[in-house]
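Working through the structure, step by step
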Amino acid sequence: MTSAAGALDPRGPVADGIADLWWLMLAIGVAVFVLFAVLLGLGALRGGRDDPEESEDKRIRRWIIGGGVIMPTIVLVVVFGATVYAMRVLPSTAPPDALRIEIVGHQWWYEVHYPEQGKTTRDELHMPVGRPVALQLTSADVIHSFWVPELGGKMDLLPDGTNVLVLEADEPGKYIARCAEFCGLEHATMQLVVVAERPEEFDAWVAQQ
Ligand SMILES: [Cu+2]
């Protein structure tokens, strides 16, 4: 079965970190929206009846400093902290036990090469579950991008360099990697099937002709 679950149904530790950050930002966004909707409602109901004891100046300062400085600072610090934490979850260099896979983007297909296994495939990537894979991404022509929402973030395939994307799948499954950078007429059809399988199944696939 090919999953169409998306980034909010993560199937690996890297995608987990990204999804957690997304939910936190959604929760903060909803909380801020509700708070301001309530304040707006209260303001409308009170109809401009102000506390006569409080000077205009003081009131303005309270809203500007509280709503315009303190609150955004708290939100930004929390989001910044959570982002830094999520970035620590996302490996930027390949762990030593990672399986190395080279991917070359072409108009409009992916060439997949396993240097240690001496295997090459087209538009199909097999990976063992529970082990990080280090994808070395490059392009033979224009800029493409590689994205498996259930497993991790997006990474560009550049013609003049190699980018490394580390992914890991927790459970066996099939996922679609889509090209996420407009690369020409058939960009929309450019995709690759990711087969995450148990290590023994992966070894059997490698052993196949
Ligand atoms: Cu494309």
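Here the residue numbers are simple positions, counted from 1 along each chain's written sequence. Where local features are concerned, this predicted model is filtered to residues with pLDDT of at least 70; where side-chain atom pairs are given and counted, the filter is 80 or more; whole-chain, interface and lining totals use all residues. Only hydrogens and water are set aside; all other atoms, that is, all heavy atoms of the structure, feed into the side-chain values.

With respect to the coordination of the copper ion
Within the first shell, the copper ion binds the protein through C179 (SG), E181 (O), C183 (SG) and H187 (ND1), at distances of 1.9 to 2.5 Å. Around the copper ion, the four donor atoms are arranged such that angles at the metal cover 86 to 126°; this shape is classified as tetrahedral. For the copper ion, the single-chain donor residues occur in sequence as C-x1-E-x1-C-x3-H. Accessibility assignment for this pair places C179 and H187 in one class, buried. Distances define the donors: N, O and S atoms within 2.8 Å of the metal qualify, as do those within 3.2 Å of Na, K or Ca. Water is excluded, so some sites may look unfinished. When four donors show all angles between 85 and 135 degrees the site is tetrahedral, when four or six donors have opposite pairs over 155 degrees and all other angles between 65 and 115 it is square planar or octahedral respectively, and in every other case it is irregular. Only protein chains enter the accessibility calculation, which uses a 1.4 Å probe. A residue is then buried if its area is under 20% of the maximum for its type, exposed if over 50%, and partly exposed in between.

Brief notes about the domain arrangement of the chain
Note that the domain bounds reflect an automated or database-derived domain assignment. Looking at the chain, the domain boundaries give domain 1 (13-89) and domain 2 (99-207). The C-alpha-based centres of domain 1 and domain 2 are spaced at 40 Å. The interface of domain 1 with domain 2 comprises five residues on the first partner and nine residues on the second. Throughout, the accessible surface (probe 1.4 Å) given up by two parts as they are put together, summed over both, is called the buried area. Together, the buried faces of domain 1 and domain 2 total about 400 Å²; carbon and sulfur atoms form 62% of this surface. Sorting the residues of domain 1 by area buried against domain 2 places P13, V14 and A15 first, and these three jointly supply 82% of that buried surface. A pairing counts as a salt bridge when a side-chain nitrogen of Lys or Arg comes within 4 Å of a carboxyl oxygen of Asp or Glu. At the junction of domain 1 and domain 2, the tally comes to zero salt bridges. Should any heavy atoms of two residues lie within 4.5 Å, those residues are considered in contact.

Here's the deal with the sheet that holds strand β8 (residues 163-167)
By the convention used here, strands pair only if DSSP detects at least 2 bridges between them. By the criteria applied, helices consist of DSSP H or I runs no shorter than four residues and strands consist of E runs no shorter than two, each listed in order from the N terminus. One open sheet accounts for five strands, arranged β3-β2-β1-β5-β8; its pairing is mixed. In this open sheet, the two edge strands, each paired with only one partner strand, are β3 (119-122) and β8. Taken pair by pair, the neighbouring strands of this sheet meet at an average axis angle of 25°, ignoring direction. Taken together, the five bridges between strand β5 (residues 133-139) and β8 define a ladder with antiparallel strand orientation. Paired with V133 across the strands is L167, a residue of β8. An axis is simply a line fitted to the C-alpha atoms; with a helix, the fit covers only the stretch in contact. Between two such axes, the angle follows the N-to-C directions and lies from 0 to 180 degrees. The sheet strands contacting helix α3 (residues 199-207) are β1 (99-106), β2 (109-114) and β3, and the helix crosses β3 at an angle near 95°.

Some remarks on the nonpolar core
In terms of nonpolar packing, the biggest core is built from 29 residues, with I101, I103, L125, L135, F146 and V194 touching the most fellow members. Where this core is concerned, the elements lending two or more residues are β1, β2, β4 (124-128), β5, β8, β9 (173-179), β10 (191-197) and α3. We call a set of buried Ala, Val, Leu, Ile, Met, Phe, Trp, Tyr and Cys residues a nonpolar core when their side-chain atoms join them within 4.5 Å.

Some thoughts on the sheet that holds strand β7 (residues 154-157)
Spatial ordering of the open sheet is given by β4-β10-β9-β6-β7, a layout of five strands whose pairing is mixed. Looking at strand neighbours, the two that pair on one side only are β4 and β7, the edges of this open sheet. With strand direction ignored, the average angle separating the axes of adjacent strands in the sheet is 25°. As paired strands, strand β6 (residues 144-147) and β9 are joined by two bridges and run antiparallel to one another. Directly across from W147, in β9, lies its bridge partner R178. Together, β4 and β10 form the strand contacts of α3, whose direction differs from that of β4 by roughly 135°.

Considering the packing of aromatic side chains
Each Phe, Tyr or Trp ring (for Trp, its six-membered ring) is paired with any other whose centre lies within 6.5 Å, and the angle between the two planes then decides the class: stacked below 30 degrees, edge-to-face above 60, tilted in between. One pass over the full model with this rule turns up five aromatic pairs. Summarising the aromatic geometry, the rings of W22 and W23 are spaced 5.0 Å apart at their centres and angled 90° between planes, so their arrangement reads as edge-to-face. When the ring of Y110 is compared with that of F146, the centres are 5.8 Å apart and the planes differ by 85°; the resulting orientation is edge-to-face. Here F146 lies in strand β6 and Y110 lies in strand β2, a separation of 36 residues in the sequence.

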